[in-house]
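A look at the structure
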Amino acid sequence: MLINADTGRCIGAGMCALTAPEVFDQSEDDGTVVVLDAEPGPERAAAVRRAVQVCPSGALSLAGAPATG
Amino acid sequence: MTQAMPQPVTLPMTRERPLDPPEDLGRWREEGPIRPLLYADGHVGWLVTGYAAARAVLADPRFSTRVELMHPPFPQRLRQAQIKPRPGFFLREDPPEHTRFRRLLTGQFTVRRMKLLEPRIAKITEDRLDEMERLGPPADLVQAFALPIPSLVICELLGVPYDDHERFQRDSSILLSLESSIEEITAAIDGLTDYLAELVRRKRAEPGDDLISGLVASGELTEEEITGVAVLLLVAGHETTANMLSLGTFTLLNAPAQLAALREDPSLAESTVEELMRYLTVIHLGPIRTALEDVEVAGETVRKGQSVTIALGAANRDPGRFESPDTLDIRRQAMGHLSFGHGVHQCLGQQLARIEMRIAYPALLRRFPGLRLAVPADQVEMRSNMAIYGVHRLPVAW
Ligand code: HEM
Ligand code: SF4
């Protein structure tokens, strides 16, 4: 899975950093998303998918996610 | 949908049971996620009760949050709708104006920043518990615990002297009461604005390391705008969390097995907070959005200029999203609830509110293992007449 983050859309609500802290952080300046690990392993897939789902601004998307997602 | 369009309904304001949204909302949700709603000014707009439709409207930039466009869904809002928002009150601005404020503030409210506040919040909580213990039972949990904790925290964050709390708490509660007259509301806004404008001027002369001083130093906003932001943060920052703390405690006291589970296992605090947020949905009468152009929502066409009221509480009880939605289950995965809103206006202070609640509920239960209501549950007066749901007072003993 490959994570795509659009910082232009991100409103810095922090849902991603809260849901998958190993994968997402927020910038110190404007609070927008910082992807720590753009290609997380399968053990983090569930948390990452949850983060994408709860993101309020639609800033996060996934490529190469298995069809079962 | 092939059936004839249902007749417009009016928004139900009374609950059959204090912790459940009005029954009509659930019945209507079963018929469809969106239906026509008759507004208090005669406008026919819409009411959304389904989870997916609520998310879709809140995330859609074709809907505006501006007060000038909004129709009031119930009579008490007729008055509020006539009050023009002040500069800096970005909750009622659309992008790109909204974005200018939000961008400036989100860096101050990141998950990591809020985590740094944990020790301070824990100390504030323990101090309140010490005070409750010293005074002895019975106590009103609202005044002794639920209101002071978030007030002290937001005051520290903003750099507002807590000693002035009586003043801003009185004005806030006038603002949030559905029974206030237009004169009372205007006076309360003026009171808060004058008070905070004076504070902003003081911060310019003697900056501290608080958020208001930071905004002044950034040079990006006018003094009037900073004052508006401070009013919004101060009001939004304490009443909401305060009501969650007291109503959440009332709810747990009515669910003794789950209360005991949380006391035994503090690691349940995170899921408990999300579930109480979902189950209680204290923002119980909105949000309201207005279509800037024709928009399809769940198979219906919302016409340009029509208002849409989003019943967050009904959406949070949508069985299509949450299994057995009317059951309180502190172990469930409730994240994804809409109680902090959704889309670009999703609550700025949500990570702060989460940390406050994750600290405060378990600390209260640990300190007073015998915590109980000091009056019968049906004598606890609910805040049906306020924009934020909760209890007016919560007499407890231990
Ligand atoms: C449990 C407590 C809280 C609840 C239930 C809550 C709920 C909400 C909701 C539903 C919205 C969206 C309103 C809309 O879309 O029209 C919102 C926005 C907002 N909240 Fe909260 N909130 C809470 C705590 C806080 C705290 C602690 C703060 C401040 C530090 C805060 C500051 C704000 C601000 C500034 C906005 C406007 C955001 C924007 O327009 O971009 N809230 N809140
Ligand atoms: S959840 Fe979405 S909007 Fe919030 S910080 Fe992460 S990417 Fe940005």
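Think of each chain on its own: its residues are numbered from 1, step by step along the sequence as written. Naming scheme: in the order in which they are written, chains are lettered from A and ligands are numbered from 1. Where local features are concerned, this predicted model is filtered to residues with pLDDT of at least 70; where side-chain atom pairs are given and counted, the filter is 80 or more; whole-chain, interface and lining totals use all residues. Excluded from the side-chain calculation are hydrogens and water; included are all heavy atoms of the structure.

The name given to chain B in an unreviewed UniProt entry is Cytochrome P450, and the organism recorded there is Sphaerisporangium rufum.

The name an unreviewed UniProt entry assigns to chain A is Ferredoxin, from the organism Sphaerisporangium rufum. UniProt positions are given in the numbering used here, feature names are shortened, and annotations may be inferred rather than shown by experiment. A UniProt comment under Cofactor (unreviewed entry) is attached to chain A, and it reads "[3Fe-4S] cluster". As its UniProt record puts it under Function (unreviewed entry), chain A is described as follows: "Ferredoxins are iron-sulfur proteins that transfer electrons in a wide variety of metabolic reactions."

**Observations concerning the interface of chain B and chain A**
Pairs of residues are marked as contacts when any of their non-hydrogen atoms sit within 4.5 Å. With 22 residues of chain B at the contact, the number on the chain A side is 24 residues. In total, chain B and chain A occlude about 1800 Å² of area from one another, counting both sides; carbon and sulfur atoms represent 46% of this. Every case where a carboxyl oxygen of Asp or Glu lies within 4 Å of a side-chain nitrogen of Lys or Arg is listed as a salt bridge. For the interface between chain B and chain A, the tally reads 1 salt bridge. Think of a polar contact as two N or O atoms within 3.5 Å of one another; within protein, one of them needs to be a possible hydrogen donor and the other a possible acceptor, and neighboring residues in sequence only count if both atoms come from side chains. If you look at where chain B meets chain A, you find 8 residue pairs in polar contact (both at pLDDT 80 or more). A helix here means a DSSP run of H or I that spans at least four residues, while a strand means a run of E at least two residues long, and both kinds are numbered starting from the N terminus. By residue number, the principal contributor to the side of chain B that touches chain A is helix H16 (residues 350-367) of chain B, which donates 4 residues. As a working rule, the residues Ala, Val, Leu, Ile, Met, Phe, Trp, Tyr, Cys and Pro are called nonpolar, Asp, Glu, Lys and Arg charged, and the rest polar, with Gly in that last group. For the side of chain B that touches chain A, the class distribution of residues is 4 nonpolar, 10 polar and 8 charged. As used here, buried area is the combined drop in accessible area, with a 1.4 Å probe, of two parts when they are placed together.

**Side note on the site of ligand 1**
All names here are of chain B. By nearness alone, 30 residues border ligand 1, and His98, Arg102, Arg289, His345 and Cys347 come closest of all. A distance of 2.6 Å separates an oxygen atom of ligand 1 from a polar side-chain atom of His98. Between ligand 1 and the protein, one listed contact pairs an oxygen atom with a side-chain N or O atom of Arg102 at 2.8 Å. Mapped onto the shell around ligand 1, the elements with two or more residues apiece are helix H4 (97-106), helix H12 (223-253) and H16. Taken together, the residues of the shell around ligand 1 break down into 19 nonpolar, 8 polar and 3 charged. Summary of the distance rule: residues count as near a molecule or strand when at least one heavy atom falls within 4 Å of that molecule or strand.

**A closer look at the sheet that holds strand E3 (residues 63-64) of chain B**
Residue and element names in this part refer to chain B. Within the open sheet, the 5 strands sit side by side as E1-E2-E8-E5-E3. Their pairing is mixed. Pairing within the sheet leaves two strands with one partner each, and these edge strands are strand E1 (34-38) and E3. Pairing between two strands requires that DSSP report at least two bridges joining them. Across 2 bridges, the pairing between E3 and strand E5 (residues 288-291) is antiparallel. Its bridge partner being in E5, Ser64 is matched across the sheet by Thr290. Of the strands in this sheet, strand E2 (44-48), E3, E5 and strand E8 (307-310) are in contact with helix H2 (residues 51-59), which crosses E8 at around 130 degrees. Note on geometry: axes are lines fitted to C-alpha atoms, helical ones only across the stretch in contact, with angles between N-to-C directions running from 0 to 180 degrees.

**Some words on the site of ligand 2**
With respect to spatial proximity, 13 residues lie near ligand 2, and among them Cys10, Ala13, Gly14, Cys16 and Cys55 of chain A are the closest. Within the shell around ligand 2, the residues separate by chemical class into 10 nonpolar, 3 polar and no charged.

**As for the coordination of the iron atom of ligand 1**
In this structure, the iron atom of ligand 1 receives exactly one donor atom from the protein: Cys347 of chain B (SG), at 2.3 Å. Secondary-structure assignment places Cys347 of chain B in the loop between helix H15 (312-315) and H16. Each metal's donors are the N, O and S atoms within 2.8 Å of it, or within 3.2 Å when it is Na, K or Ca, and because water is not part of the set, sites may look incomplete.

**Side note on the nonpolar core**
Residues and elements named next belong to chain B. In this structure, Met132, Val160, Ile212, Leu247 and Leu394 are the most contacted members of the largest nonpolar core, which totals 107 residues. With 14 residues, the top contributor of residues to this core is H12. For Leu394, the residues in contact, after removing those within four places along its chain, are Ala139, Asp140, Leu141, Val142, Ser246, Thr249, Phe250, Leu373 and Val380. Among the buried residues, those of types Ala, Val, Leu, Ile, Met, Phe, Trp, Tyr and Cys that are joined through side-chain atoms within 4.5 Å form a nonpolar core. Burial classes: relative accessible area under 20% of the type maximum marks a residue as buried, over 50% as exposed, and values in between as partly exposed (1.4 Å probe, protein chains only). Core analysis: the second largest hydrophobic core is formed by 19 residues, Ile34, Ala315, Phe322 and Leu338 among them.

**Considering the sheet that holds strand E9 (residues 372-373) of chain B**
Residues and elements named next belong to chain B. What the 3 strands build is an open sheet, ordered E4-E10-E9; its pairing is antiparallel. Looking at the sheet topology across the chains shown, the edges are occupied by strand E4 (139-140) and E9. Taken together, the 2 bridges between E9 and strand E10 (residues 395-397) define a ladder with antiparallel strand orientation. In the sheet register, Leu373 faces E10, and the bridge partner there is Val396.

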